[in-house]
Amino acid sequence: MRKTLAVAAALAACALTAAPGRPAELLATGSGWKLATRLGVTSLSPSRQYTLTFATAAMKSRYTPYLTAAVSQVKAAGVKLVIGGVESVNPAKCGPVGHIQYTEMYRPLGRGGYSQAMPCPHPPKGVGTGGIVAIDTEYWDGSWPMPEYKLRNTLVHEPLHALGLDHPNLDLNKDGKAGDGECVATRYGNTPVMCSPNGGYRTSTSMGRLTGFDTAGLKALLANARAQGIK
Ligand SMILES: [Zn+2]
């Protein structure tokens, strides 16, 4: 009983000191976006350069065309993201600060057709430091055929995980879980590219681009940094 009271008192004191002059609580989720707060990432530094790097020159040539449009959109949202060069990648270990490292693996998640990506977890002050992207090799050897739009959207979905976006899936059908494909959509039926397992535009002109939902998520990561005075 005494313990409970002590905790309550501590919380009350915390609430008091947190009230004036302190920034409001950090954003964690919004319509069609969710931040990777479960991995300790709450922000992206507005001044830090984030660089996509690749384990081999062949991967750099393979992925660059798929990433160019999305990188422009990420930049327009305010994140200093660039396509960089080649460096050695150890998928079990985070690389240099700010690097989002690409490699390829056979079924990195242990499931056919799934790729995997994550930000380096629990960075200082929650400010993203980059991450790892492991693309399933099955996309390229013909063993996992999929429509072009799915491939393009997947290749953009994964690096956004490394930047700090999570799946924004919801329990829309009220069955108790946020299931596959259960995401908000525009009135044209477009779901966030971060919707799991596949979201994003399906037309040949827009596939592989971020939707407004995804851009809003990136802006939330930047806003959280600014709210904490992080440059
Ligand atoms: Zn995902």
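That block above? That's the structure.
Overview of the structure. (Residues numbered from 1 in each chain as written. Predicted model: local features only at pLDDT ≥ 70, side-chain atom pairs only at ≥ 80, totals over all residues. Heavy atoms only, no water.)

Next up on the list: the state of the cysteines. Throughout this description, disulfide means a covalent bond between two cysteine sulfur atoms. Scanning the model with the defined rule gives 2 disulfides in all. A sulfur-sulfur separation of 2.1 Å characterises the disulfide bridge that pairs Cys94 with Cys120. Its S-S torsion of about -125° marks the bond between Cys94 and Cys120 as left-handed, since a negative value means left-handed. Taken together, the residues span a long stretch of sequence, with Cys94 in the loop between strand E4 (80–86) and strand E5 (99–105) and Cys120 in the loop between strand E6 (116–119) and strand E7 (130–136) at a distance of 26 residues. (Disulfide = S-S within 2.5 Å. Helix = DSSP H or I, 4+ residues; strand = E, 2+ residues; numbered from the N terminus.)

Our focus in this paragraph is the environment of Cys94. Take Cys94: its relative accessible area is 34%, and that puts it in the partly exposed class. Placed 27 residues apart in sequence, Cys94 and Pro121 show a C-alpha to C-alpha distance of 9.0 Å. Those residues within four positions of Cys94 in sequence are excluded, and the remaining contacts are Gln101, Cys120 and Pro121. (Buried < 20%, exposed > 50% of the residue type's maximum accessible area, 1.4 Å probe, protein only. Contact = heavy atoms within 4.5 Å.)

Attention shifts here to the coordination of the zinc ion. For the zinc ion, the full set of protein donor atoms is His157 (NE2), His161 (NE2) and His167 (NE2), at a range of 2.0 Å. Site description for the zinc ion: donor spacing in sequence, H-x3-H-x5-H. Relative accessible area serves as the criterion here: at 9%, His161 is assigned to the buried category. With a relative accessible area of 26%, His167 lands in the partly exposed category. (Donors = N, O, S within 2.8 Å, 3.2 Å for Na, K, Ca; no water.)

Next up on the list: empty space enclosed by the protein. Summed over all chains, the structure comprises 1 cavity of 30 Å³ or more. When its volume is computed, the largest cavity comes out at roughly 60 Å³. If you go around the largest cavity, the residues you meet are Leu52, Leu67, Ala70, Val71, Val74, Leu81, Val156, Pro159, Leu160, Leu163 and Leu210. Among the secondary structure elements, those contributing two or more residues to the lining of the largest cavity are helix H2 (57–76) and helix H3 (148–163). Broken down by class, the residue content of the lining of the largest cavity amounts to 11 nonpolar, no polar and no charged. (1 Å grid on protein atoms, 1.4 Å probe; cavity = no way out; pocket = protein on both sides within 12 Å on 5 of 7 lines; lining within 4 Å. Points joined across faces, edges and corners; volume = space filled by probe spheres on them. Nonpolar A, V, L, I, M, F, W, Y, C, P; charged D, E, K, R; others polar.)

With mixed pairing, the 5 strands of this open sheet are ordered in space as E4-E3-E5-E7-E6. Edge strands, defined here as strands with exactly one partner in the open sheet, are E4 and E6. Across the sheet, the mean angle separating the axes of adjacent strands is 20° when strand polarity is ignored. Where strand E3 (residues 49–54) lies against E4, 5 bridges are found, and the strand directions are parallel. Paired with Leu52 across the strands is Ile83, a residue of E4. Along the sheet, H2 contacts E3, E4, E5 and E7; its crossing angle with E4, the most-contacted strand, is approximately 175°. (Pairing = 2+ DSSP bridges. Axes fitted to C-alpha atoms, helices over the stretch in contact; angles between N-to-C directions.)

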